[in-house]
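Coordinate inspection notes
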Amino acid sequence: MTGCQDSNATLSVVEIDGRLESLVPAVVSLLQRITSVKPTVTYAVGTDVKFSSELSFPDGIGEGEIAAELFVYRNAVRLDLHLEHNRVFAMADGSPSERRCYLNDFVASVALDVGQDTIPNDFVRGVVAGVTAARDAVRRHNRRAKLPWNEIRVAAGQFEPVG
């Protein structure tokens, strides 16, 4: 083992950096497709790239962002993506409660094998559909509610962006 290479990895640091670099445009494109906003890209120390892109909700309540991380995981490159937001369930008077609105949560992850240089289409479709469903989850629930007391009300809590 040398200071430049992990003895357990089959790829060198240079090869890993090259693989990450080749996937950055695909991740940027995916986030732009979801949010219509160009994401910020942060290159962390080592082999790690972070992305974040602002996301709005249809009802205009709260703030959100899609955060993604591209990193080396064992002998593969892994992409983790999640929707971060400050939407919480509202109290009867409309003030924010301490309970996070889990209906708007979304998480996805994919590991890319050594020879793969693109994000799988099934993963892209799943992420686009999943984020769209998570954005609209409260409104969809309220449309299905037959009685007013079955509806969900949300409020904006404190937002701490990931990126």
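Everything below is about the structure shown above.
This one's a predicted model, so the numbers in the text were calculated from it and none came from an experiment.

A closer look at the environment of Ile34
Position of Ile34 among the secondary structure elements: in helix 1 (residues 13–35). Taking the relative accessible area as the measure of exposure, Ile34 reaches 9% and is therefore buried. Sequence spacing of Ile34 and Val131 is 97 residues, and the spatial spacing of their C-alpha atoms is 7.4 Å. Beyond its immediate sequence surroundings of up to four residues, Ile34 is in contact with Ile66, Val127, Val128, Val131 and Arg135.

As for the pairing of strand 6 (residues 96–100)
Side chains on a regular strand alternate between the two faces of the sheet. Where strand 5 (residues 87–90) and strand 6 come together, two bridges link them in antiparallel fashion. In the strand pairing of strand 6, Ala90 is matched with Pro96.

Considering the packing of aromatic side chains
Under the criterion given, the structure shown has one aromatic pair. Here the basic side chain of Arg78 rests over the ring of Tyr73, its NZ or CZ set 5.0 Å away from the ring centre. Directly above the aromatic system of Phe57 lies the positively charged group of Arg87, at a separation of 4.4 Å from the ring centroid.

About the cut-offs
Residues numbered from 1 in each chain as written. Predicted model: local features only at pLDDT ≥ 70, side-chain atom pairs only at ≥ 80, totals over all residues. Heavy atoms only, no water. Helix = DSSP H or I, 4+ residues; strand = E, 2+ residues; numbered from the N terminus. Buried < 20%, exposed > 50% of the residue type's maximum accessible area, 1.4 Å probe, protein only. Contact = heavy atoms within 4.5 Å. Pairing = 2+ DSSP bridges. Phe/Tyr/Trp six-rings, centres within 6.5 Å; stacked < 30°, edge-to-face > 60°. Lys NZ or Arg CZ within 6 Å of the ring centre and 35° of its normal.

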